[in-house]
Amino acid sequence: MAYPMAPEDVLRACAYMEAVWRTDTGAMAALLQHEPAEEPTATLLTELGENLMQWIFPAQFGIRDGLTAEELEAAAGEMDADPTVRVSRVLIETLKTLAADSTPENTETIARAVTGFLIAMSDAATESDVMTLFDNLRQAALNGSGPRPE
């Protein structure tokens, strides 16, 4: 389970995904730079993907505060059995493996995969909506309301 990301980490991940989307190699290279104590961009991207999953899927399956233990168990079981959820977990685990190496090429691949996931999981979003999706993620981070890809 991923912990909620710090707003500056979400902003950095979004900036890198935007740079990849726009094929801005200068910005991509700059955003790969980090201090020794900072998380590599590849790691931030996988954390963002995992945070998106943890925000989107429970809501889709009706998991919320106030459920009885039985209702929660049933909803969690339904979510865990869902093929989309299972494939998304495989995607995130694969991206984490790529992030461990953290090469520029792997980081770009991770950014493209997280962007594709964001498009796929957003209601009626298309590739023309990508910049709006990035802006929504930034605003959610700044407002402290969690990822909101819609």
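To be clear, the structure that these remarks concern was listed above.
Thresholds applied
Residues numbered from 1 in each chain as written. Predicted model: local features only at pLDDT ≥ 70, side-chain atom pairs only at ≥ 80, totals over all residues. Heavy atoms only, no water. Phe/Tyr/Trp six-rings, centres within 6.5 Å; stacked < 30°, edge-to-face > 60°. Helix = DSSP H or I, 4+ residues; strand = E, 2+ residues; numbered from the N terminus. Buried < 20%, exposed > 50% of the residue type's maximum accessible area, 1.4 Å probe, protein only. Contact = heavy atoms within 4.5 Å. Expected span 1.5 Å × (residues − 1). Arc of directions from axis to C-beta. Polar contact = N/O pair within 3.5 Å; in protein donor to acceptor, adjacent residues only side chain to side chain. Salt bridge = Lys/Arg side-chain N within 4 Å of Asp/Glu carboxyl O. Lys, Arg positive; Asp, Glu negative; His and termini not counted.

**Student:** Explain the packing of aromatic side chains to me, please; I cannot follow it from the model alone.
**Tutor:** Each aromatic ring pair is summarised here by two numbers: the centre-to-centre distance and the angle between the ring planes. Across all of its chains, the model carries 1 aromatic pair by this definition. With a centroid separation of 6.4 Å and an interplanar angle of 75°, the aromatic rings of Phe57 and Phe117 are classed as edge-to-face. A residue pair is termed long-range when its members are at least 10 positions apart, and Phe57 in helix α3 (residues 41–60) and Phe117 in helix α6 (residues 104–121) qualify at 60 residues. There is no split in this pair, since Phe57 and Phe117 are both buried.

**Student:** Sorry, what's going on with the environment of Thr46 here?
**Tutor:** Of note, Thr46 is situated in helix α3. Put simply, Thr46 and Ala111 are 65 residues apart on the chain and 8.5 Å apart in space, counted from C-alpha to C-alpha. Sequence-distant contacts of Thr46, defined by excluding residues within four places in its chain, comprise Ile92, Leu95, Lys96, Ala99 and Ile110.

**Student:** Just to check I follow, could you spell out unusual backbone geometry for this structure?
**Tutor:** Peptide bonds are trans in most cases, and residues, glycine excluded, mostly fall at negative phi. Of note in the backbone geometry, Thr23 takes a positive phi value of approximately 55° without being a glycine. You can see Thr23 is positioned in the loop between α1 (7–21) and α2 (25–32). Residue classification places Thr23 among the exposed positions, given a relative accessible area of 56%. Phi is positive for Ser102, which is not a glycine, with a value near 55°. Secondary-structure assignment places Ser102 in the loop between α5 (83–101) and α6. A relative accessible area of 28% places Ser102 in the partly exposed class.

**Student:** Sorry, what's going on with α5 here?
**Tutor:** A rise of 1.5 Å per residue sets the reference length of α5, with its 19 residues, at 27 Å; its end C-alpha atoms lie 28 Å apart and thus fit the reference within 8%. Listed as buried for α5 are Val85, Ser88, Ile92, Leu95 and Ala99. Projected down its long axis, α5 carries its buried residues within an arc of 85°, all on one side. In α5, the exposed positions that point more than 90 degrees away from the buried face belong to Pro83, Val87, Val90, Thr97 and Ala100. Capping the start of α5, Asp82 holds a side-chain oxygen 2.9 Å from the backbone nitrogen of Thr84, two or three residues further along. Of the residues trailing α5, Ser102 is marked for its positive phi of about 55°.

**Student:** Would you mind showing me how to read helix α7 (residues 130–143) here?
**Tutor:** Owing to its 3.6 residues per turn, the α-helix brings residues three or four apart onto one side. The first and last C-alpha atoms of α7 sit 20 Å apart over 14 residues, in line with the 20 Å expected at 1.5 Å per residue. All of the buried residues along α7 are Val130, Leu133, Phe134, Leu137, Arg138, Ala140 and Ala141. Buried positions in α7, seen along its axis, are confined to an arc of 165° and lie on one side of it. Turned more than 90 degrees off the buried face of α7, the exposed positions are Leu142 and Asn143.

**Student:** I tried to follow the pattern of salt bridges on my own but got confused; where do I start?
**Tutor:** Counting across every chain of the model gives 7 salt bridges. One salt bridge in this structure joins Glu93 and Lys96, with 3.5 Å as the shortest N-O distance. Here Glu93 pairs with Lys96, and both are found in helix α5, just 3 residues apart, close to one helical turn. Taking the relative accessible area as the measure of exposure, Glu93 reaches 45% and is therefore partly exposed. A relative accessible area of 31% places Lys96 in the partly exposed class.

**Student:** How do you make sense of the side chain of Arg12 when you look at a structure like this?
**Tutor:** Of note, Arg12 is situated in helix α1. One buried charged side chain, Arg12, makes no salt bridge at all; its nearest oppositely charged neighbour is Glu38, positioned 4.4 Å away. Here Glu39 takes part through its backbone oxygen, which lies 2.7 Å from a polar atom of the side chain of Arg12. With residues near it in sequence (within four places) discarded, Arg12 still touches Leu31, His34, Glu38, Glu39, Pro40, Thr41 and Leu44.

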